[in-house]
Amino acid sequence: MGWLDIFRARKPEGGSTATAAKERLQIVLAHERVSRTREDFLPKLQQELVAVVARYVSIDPGKVAVNLDRGGDMSTLAIEIELPGPKVAVAR
Amino acid sequence: MAKVVVVTSGKGGVGKTTSSAAFATGLAQRGKKTVVIDFDVGLRNLDLIMGVERRVVFDIVNVIQGEAKLNQALIRDKRVDTLAILPASQTRDKDALTKDGVAGIIEELSKDYDYILCDSPAGIEKGALLALYFADEAIVVTNPEVSSVRDSDRILGVLQSKSKRAEEKKDAVKEHLLVTRYDPARVERGEMLKLEDIREILAIPLLGVVPESESVLRASNTGTPVILDAESVAGQAYADSVARFLGEERPHRFLDPEKKGLFKRLFGGRAA
Ligand SMILES: Nc1ncnc2c1ncn2[C@@H]1O[C@H](COP(=O)(O)OP(=O)(O)OP(=O)(O)O)[C@@H](O)[C@H]1O
Ligand SMILES: [Mg+2]
C-alpha cells in the first residue's frame with residue numbers, strides 16, 4: 001500500500017461499479033424473465049440452422065461456434081460454421 | 001490428462017464462486033488451459049462473476065441432454081485466451097445433472113484442458129456431490145466462523161467417503177484449505193477465529209488466506225474476477241494462492257491488521 005493509494009481511495013469508483021452492476025442485472029434479468037414464460041428458442045433455432053447447412057455440405061457438428069451477445073435493445077447471435085474446403089468436398 | 005479440482009465448502013455464501021473465478025483466471029493467466037464449470041443448477045452465478053452472462057446460449061444440462069455440443073456451450077473468455085466457462089442451467093432442476101452425463105463432459109474436457117475447476121453449490125446434496133465426485137484435488141473454502149469451519153469438516157468427510165477416488169480406493173483427493181473473508185483487525189480484537197485455530201481444527205494444508213476486501217464487491221459489480229485487480233489485497237492473495245497451488249513457495253501476507261498511516265487516518269482510506 002503506497003501513499004498514492006489515498007488518491008485512489010477517494011475516486012468515486014464504488015459508485016460507478018454499482019451502476020455497472022445495475023445495468024448488467026437489468027439486461028440479464030430481462031432475458032431470464034422472458035425465458036420463464038416461453039421456452040428459449042435459441043437451442044432449436046441453432047439445431048435447425050445447422051441441419052439446413054448440413055443438407056448442402058458435410059459439416060462437423062463439433063465445429064459450429066455459437067456466439068451470442070444479449071443486449072438491452074438488441075441481441076446479436078453469430079453462428080460460425082466451419083465448412084470443409086473444396087478438396088474435402090471433392091474427396092467425398 | 002486434466003486435473004479436476006473442486007471448489008467446495010458445505011456452507012453457502014463463503015466465497016466458492018468468487019474463488020473459482022479467481023483461481024480459474026489465475027491458472028489461465030499462467031498459461032494453463034483451464035475450464036471452470038458452474039454446478040449450481042437453478043442458481044447460476046459464475047457467469048455474472050466472470051462477466052459473461054450476456055453470452056450464455058447453452059449450458060451443462062443442454063450438453064448432458066444432447067441438445068448442444070460441449071464446444072458450443074463453452075464460453076471462451078475474452079480477457080485470458082486459455083480460459084473457458086461452462087455455465088449451469090438456470091431453468092432446469094438439479095435432477096437434470098447425472099453422474100454419467102458429468103463423467104462424459106469431464107472426459108471430453110480432459111483431452112483439451114490442463115485444469116477443470118468445478119464450482120460447487122452449497123450443501124451436501126446432489127449438485128455438491130456431483131461437483132466433487134470426479135475431483136483429484138479439492139479447495140475447501142472456509143470463513144473464520146464456527147458454522148463454516150464445521151461444514152468444511154463435514155465436506156472433508158464427504159470427500160473422503162463419497163468421491164470417485166474414495167469409492168475406487170485410489171489415492172485420496174488432495175485437500176487444500178482456503179480461508180476467505182479473513183479480517184485481521186477482528187481477529188486481533190478476539191472477535192473472529194484465528195487462522196491458527198482453523199488450521200488446528202481442520203488439519204489440512206493451507207493454500208491461502210484471502211482477506212475481507214472491498215475489491216470483491218467491486219469485482220462482482222463489473223464481472224471482473226478479483227484476481228485481475230492486481231492492486232487489491234484480495235487479488236494479490238488469490239494470485240499467491242494460485243502460485244502455491246502450482247508448487248511455488250510464497251509467504252502468507254495480509255494476516256495482520258493494516259497499519260494505518262497518517263494520511264490514511266486523515267483521509268479514511270479503506271482496504272483496497
Ligand atoms: N474476500 C472477500 N471479501 C469481501 N467479500 C467477499 C469476499 N469473498 C467473498 N465475498 C462476498 O461474499 C458473498 C458470497 O460469495 P460467493 O458468491 O463467492 O460465495 P459462494 O460460496 O459461491 O456462495 P453460494 O454457496 O451461494 O454458491 C458475495 O457477496 C461476495 O462478494
Ligand atoms: Mg456460488
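Residues numbered from 1 in each chain as written. Chains lettered and ligands numbered in written order. Predicted model: local features only at pLDDT ≥ 70, side-chain atom pairs only at ≥ 80, totals over all residues. Heavy atoms only, no water.

The name an unreviewed UniProt entry gives chain B is Septum site-determining protein MinD, with Plastoroseomonas hellenica as the organism. Listed in UniProt under the heading Function (unreviewed entry), the comment for chain B reads: "ATPase required for the correct placement of the division site. Cell division inhibitors MinC and MinD act in concert to form an inhibitor capable of blocking formation of the polar Z ring septums. Rapidly oscillates between the poles of the cell to destabilize FtsZ filaments that have formed before they mature into polar Z rings." What UniProt records for chain B under Subunit (unreviewed entry) is the sentence "Interacts with MinC and FtsZ." (UniProt positions renumbered as here; feature names shortened; annotations may be inferred.)

If you check an unreviewed UniProt entry, chain A appears there as Cell division topological specificity factor from Plastoroseomonas hellenica. Its UniProt record, at the heading Function (unreviewed entry), says of chain A: "Prevents the cell division inhibition by proteins MinC and MinD at internal division sites while permitting inhibition at polar sites. This ensures cell division at the proper site by restricting the formation of a division septum at the midpoint of the long axis of the cell." In its Sequence similarities (unreviewed entry) section, UniProt records this for chain A: "Belongs to the MinE family."

Participant: Please provide a residue-by-residue account of the site of ligand 1, values included.
Facilitator: Residue and element names in this part refer to chain B. Around ligand 1, the structure places 15 residues, and the nearest of them are G13, K16, T17, T18 and R181. In this structure, an oxygen atom belonging to ligand 1 sits 3.0 Å away from a main-chain N or O atom of G15. The side chain of K16 places a nitrogen or oxygen atom 2.7 Å from an oxygen atom of ligand 1. Across the complex, the protein chains shield 76% of the 640 Å² of accessible surface that ligand 1 would expose by itself. It is helix α1 (residues 16-29) that contributes the most residues to the shell around ligand 1, three residues altogether. Split by residue class, the shell around ligand 1 holds five nonpolar, six polar and four charged. (Near = heavy atom within 4 Å. Polar contact = N/O pair within 3.5 Å; in protein donor to acceptor, adjacent residues only side chain to side chain. Areas by Shrake-Rupley, 256 points an atom, 1.4 Å probe, with all protein chains shown as cover. Helix = DSSP H or I, 4+ residues; strand = E, 2+ residues; numbered from the N terminus. Nonpolar A, V, L, I, M, F, W, Y, C, P; charged D, E, K, R; others polar.)

Participant: A description of the side chain of N143(B) should follow, citing residues and the corresponding values.
Facilitator: Residues and elements named next belong to chain B. You can see N143 is positioned in the loop between β6 (137-142) and α7 (146-162). N143 sits in the buried class, given a relative accessible area of 10%. Reaching out from N143, the side chain makes a polar contact with the backbone oxygen of V14 at a distance of 3.0 Å. Among the polar contacts listed, one links the side chain of N143 to the side chain of T180, at a separation of 2.9 Å. Not counting the four nearest positions on each side in its chain, N143 is found in contact with G13, V14, S148, V149, T180 and R181. (Buried < 20%, exposed > 50% of the residue type's maximum accessible area, 1.4 Å probe, protein only. Contact = heavy atoms within 4.5 Å.)

Participant: Please provide a residue-by-residue account of the packing of α1(B) against helix α12 (residues 233-245) of chain B, values included.
Facilitator: All names here are of chain B. α12 packs onto α1 with a crossing angle of 60° between their chain directions and a minimal axis gap of 9 Å. What the angle tells us is that α1 and α12 run oblique. Crossing angle aside, the handedness with which α1 passes α12 is right-handed. Listed contacts from α12 to T18, S19, A22, F23, G26 and L27 of α1 are Y238, S241, V242 and F245. For the contact of α1 with α12, a count of residues per class yields six nonpolar, four polar and no charged. (Axes fitted to C-alpha atoms, helices over the stretch in contact; angles between N-to-C directions. Parallel < 35°, antiparallel > 145°, perpendicular 65-115°, else oblique. Left-handed = near helix turned anticlockwise from the far one by under 90°.)

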